[in-house]
Amino acid sequence: MPKFSVSNNGPRAQAIRIHGGTKTVRAGKIAEVDLPQAPDDEILSHFKALGVTFAEIKKKKVLPAPTDAKAEAEAAVKAAQEKLTAAGDDLAAKAEAETELRAAEAALAALAV
């Protein structure tokens with residue numbers, strides 16, 4: 001069911017049909033109503049003549065919770081340091097671990113700014 005904000009700028013209270021009955025919007029007041037369907041042009045023009053306006057209330061998008069990027073970057077640095085330590089005398093593994101460590105430290109430094 002679409003949700004609308006109904007503003008009554010007319011001199012009298014107006015009854016708005018909603019699912020299960022009516023909602024009375026007093027003169028000079030604003031009410032939020034759940035309509036069974038969006039009002040058509042005929043209904044809008046009828047209420048407009050009486051000083052009542054309808055504005056659809058858009059649903060807000062729920063954003064995902066932000067991840068803790070700093071903690072992830074710190075974990076990546078720690079993992080790269082452990083990989084460097086575990087490389088021992090293997091030069092190829094050591095070079096790869098150093099490259100990963102530099103990249104992780106650069107990412108962490110970029111977040112600190």
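Residues numbered from 1 in each chain as written. Predicted model: local features only at pLDDT ≥ 70, side-chain atom pairs only at ≥ 80, totals over all residues. Heavy atoms only, no water.

A.B. asks: Can you help me understand the overall build of the protein in this one?
C.D. replies: From N to C terminus, the protein includes three helices and five strands. Taken from the N to the C terminus, the helices and strands of the protein come in the order β-β-β-β-α-β-α-α. Expressed as lengths along the three principal axes of its C-alpha atoms, the size of the protein is roughly 85 × 30 × 20 Å. For the protein, with 113 residues in total, the buried portion stands at 19%. Considering only intrachain contacts with a sequence separation of at least 6, the fraction spanning at least 24 residues in the protein is 54%. Total accessible area computed for the protein in this model is approximately 8700 Å², and 55% of it derives from carbon and sulfur atoms. (Helix = DSSP H or I, 4+ residues; strand = E, 2+ residues; numbered from the N terminus. Buried < 20%, exposed > 50% of the residue type's maximum accessible area, 1.4 Å probe, protein only. Contact = heavy atoms within 4.5 Å. Areas by Shrake-Rupley, 256 points an atom, 1.4 Å probe, with all protein chains shown as cover.)

A.B. asks: Help me understand the pairing of strand β1 (residues 3-8), please; the structure alone is not making it clear to me.
C.D. replies: Across five bridges, the pairing between β1 and strand β4 (residues 30-34) is antiparallel. Bridge assignment links Phe 4 to a residue of β4, and that residue is Val 33. Where β1 lies against strand β5 (residues 52-56), five bridges are found, and the strand directions are antiparallel. Bridge assignment links Phe 4 to a residue of β5, and that residue is Glu 56. (Pairing = 2+ DSSP bridges.)

A.B. asks: Please explain the packing of aromatic side chains as it appears in this structure.
C.D. replies: Within a pair of aromatic rings, the relevant descriptors are the distance that separates the centres and the angle that separates the planes. The full count for this structure, using the stated rule, is two aromatic pairs. Their ring planes at 80° and their centres at 6.3 Å tell us that Phe 4 and Phe 54 sit as a pair that is edge-to-face. Of this pair, Phe 4 sits in strand β1 while Phe 54 sits in strand β5, and the two are 50 residues apart along the sequence. For Phe 4, a relative accessible area of 6% translates into the label buried. Its relative accessible area of 17% is what places Phe 54 among the buried residues. Taken together, a centroid distance of 5.6 Å and an interplanar angle of 65° make the contact between Phe 47 and Phe 54 edge-to-face. Members of the aromatic cluster, joined through ring pairs, are Phe 4, Phe 47 and Phe 54. (Phe/Tyr/Trp six-rings, centres within 6.5 Å; stacked < 30°, edge-to-face > 60°.)

A.B. asks: What am I meant to see in the pairing of strand β2 (residues 14-18) here?
C.D. replies: Both faces of the sheet carry side chains from a regular strand, because those side chains alternate between them. Two strands pair when backbone bridges link them, and β2 and strand β3 (residues 21-25) are joined in this way by five bridges, in the antiparallel orientation. Directly across from Ala 15, in β3, lies its bridge partner Thr 24. Following β2, the chain reverses through two residues before pairing antiparallel with β3; Gly 20 in that reversal takes a positive phi of roughly 95°.

A.B. asks: Where do I start with the side chain of Asn 8 in this structure?
C.D. replies: Relative to the assigned elements, Asn 8 resides in strand β1. Judged by its relative accessible area of 0%, Asn 8 falls in the buried class. Among the polar contacts made by the side chain of Asn 8, one reaches the main-chain carbonyl oxygen of Arg 12 at a distance of 2.8 Å. In contact with Asn 8, other than residues within four places in its own chain, are Ala 13, Gln 14, Val 25, Arg 26, Ala 27, Gly 28, Lys 29, Leu 50, Gly 51 and Val 52. (Polar contact = N/O pair within 3.5 Å; in protein donor to acceptor, adjacent residues only side chain to side chain.)

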